[in-house]
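# Secondary and tertiary structure notes
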Amino acid sequence: MPMYFSARAVLCGVFCLASLTAEARDRLLIVGSSTVFPFATAVAEAVGSNGVKFPIVESTGSGAGFKLFCKGVGEHTPDITNASRRMKPSELDTCLANGVTPVEVEIGYDGIVLANSRNGPKFTLTVEQIFEALAEKLPKDGQLVDNGNLAWSDIDADLPNEEIEVLGPPPTSGTRDAFEELVMEEGCKTVKDLEKDGCTRIRRDGSFVEAGENDDLIVGALEANPVTVGIFGYSFLMQNRDKIQSVGVNGVEPTFEKIASGEYPVSRPLFFYIKKEHVGLIPGMEEYVAAFTSEEAWGDDGYLASKGLIPLSAEKRRQEATDAMALPALQL
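Let us look at the structure shown here. As the structure is a computational prediction, the values presented were derived from the model and not from experiment.

### Notes on helix H3 (residues 62–69)
Along H3, the positions that sit buried rather than exposed are Ser 62, Gly 63, Gly 65, Phe 66 and Phe 69. In a view along the axis of H3, the buried residues occupy a sector of 160°, so they form one face of it. The elements touched by buried residues of H3 are strand S1 (29–32), strand S3 (80–83), helix H4 (89–97), strand S4 (102–117), helix H7 (174–187) and strand S12 (267–275).

### Comments concerning the state of the cysteines
In this structure the tally under the stated criterion is two disulfides. At a sulfur-sulfur separation of 1.9 Å, the disulfide partner of Cys 188 is Cys 199. Taking the torsion about the S-S bond as the criterion, the Cys 188 to Cys 199 disulfide, at about -55°, is left-handed. In this pair, Cys 188 is assigned in the loop between H7 and helix H8 (196–199) and Cys 199 in helix H8, connecting sequence segments 11 residues apart. Each of the two residues, Cys 188 as well as Cys 199, counts as buried. Counting only the cysteines that take part in disulfides, in the order they occur along the protein, gives the pairing 1-2, 3-4.

### Here we look at the nonpolar core
By size, the foremost hydrophobic cluster in this structure holds 46 residues, and its most contacted members are Leu 114, Leu 134, Trp 152, Phe 179 and Phe 232. Here this core gets five residues from one element, more than from any other, and that element is helix H5 (residues 127–134). Leave out the neighbours within four places in its chain, and Phe 232 touches Gly 111, Ile 112, Val 113, Ala 115, Thr 175, Asp 215, Ile 218, Val 219, Leu 222, Leu 237 and Ile 244. Counting 33 residues, the second-largest nonpolar core is a separate cluster that includes Leu 28, Phe 39, Ala 44 and Val 279.

Conventions used here
Residues numbered from 1 in each chain as written. Predicted model: local features only at pLDDT ≥ 70, side-chain atom pairs only at ≥ 80, totals over all residues. Heavy atoms only, no water. Buried < 20%, exposed > 50% of the residue type's maximum accessible area, 1.4 Å probe, protein only. Helix = DSSP H or I, 4+ residues; strand = E, 2+ residues; numbered from the N terminus. Arc of directions from axis to C-beta. Contact = heavy atoms within 4.5 Å. Disulfide = S-S within 2.5 Å. Core = buried A, V, L, I, M, F, W, Y, C linked by side-chain atoms within 4.5 Å.

The structure is reproduced here in structure tokens:
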């Protein structure tokens, strides 16, 4: 089904994007979330095989993607940014100040998973235990002290007697933002002496290692050290399940069905954002958005589900597809 964008949006693009001429960029530029990257790449391949010049898709992380996207309009700025969290009010303010009107499209759900090598021990953790493993400070004898848990068994004797080493995303990542909210803040609720901002402070003594935005590198590191745990999106677990195994959270394994139902406790929505000012001027935007919001792609039996995207409900998909065509300005 073709995508029809409003004439008003196209006219706005003509006047708001004067720097784009006939000699401007001839293909779509997409940046943002490493979690959404494989889905965006799959859609790019689909539209690229149908006569549209293959879109450029870059994995920059959600935060860095928003910075690039909101920097302004023109051929040197991205047309779409992917995100594993919703745009923050401060980011929207930056966009608007720079003449950028974001249009939000929610595309589905994802689980944040913990995993280790299939050659390592199989275990499960509670949200509280993950917090106790990674928090910078913990209460002891009425005071807050540096986290002294060096092995998983220091937290619970039933856990592996193995050194705590967790590879995770950097602060620029939407996965990091969601992990802090859904795991660190939740696990912190049992700690009375920590303020909310202290709950999300992750230890910096070597037990947690920022592994960058390339989740494939984390998978390689897990293979090299079977007792190391990695944090990333469910789609990467699916793509590498011959090499790595999930760590259950609160006794629930991250499966397609349990993330979709909400039973798995660490799940979040995924998005992409359209730069309204570029619509009608950058070739391929309409085709890309139409392809992504088609049932063939994001439907229950679509090709993105086979890559790990947890679909929205049918009703929610219809609404998001309708909104994507109408290009309503994002309001937070």
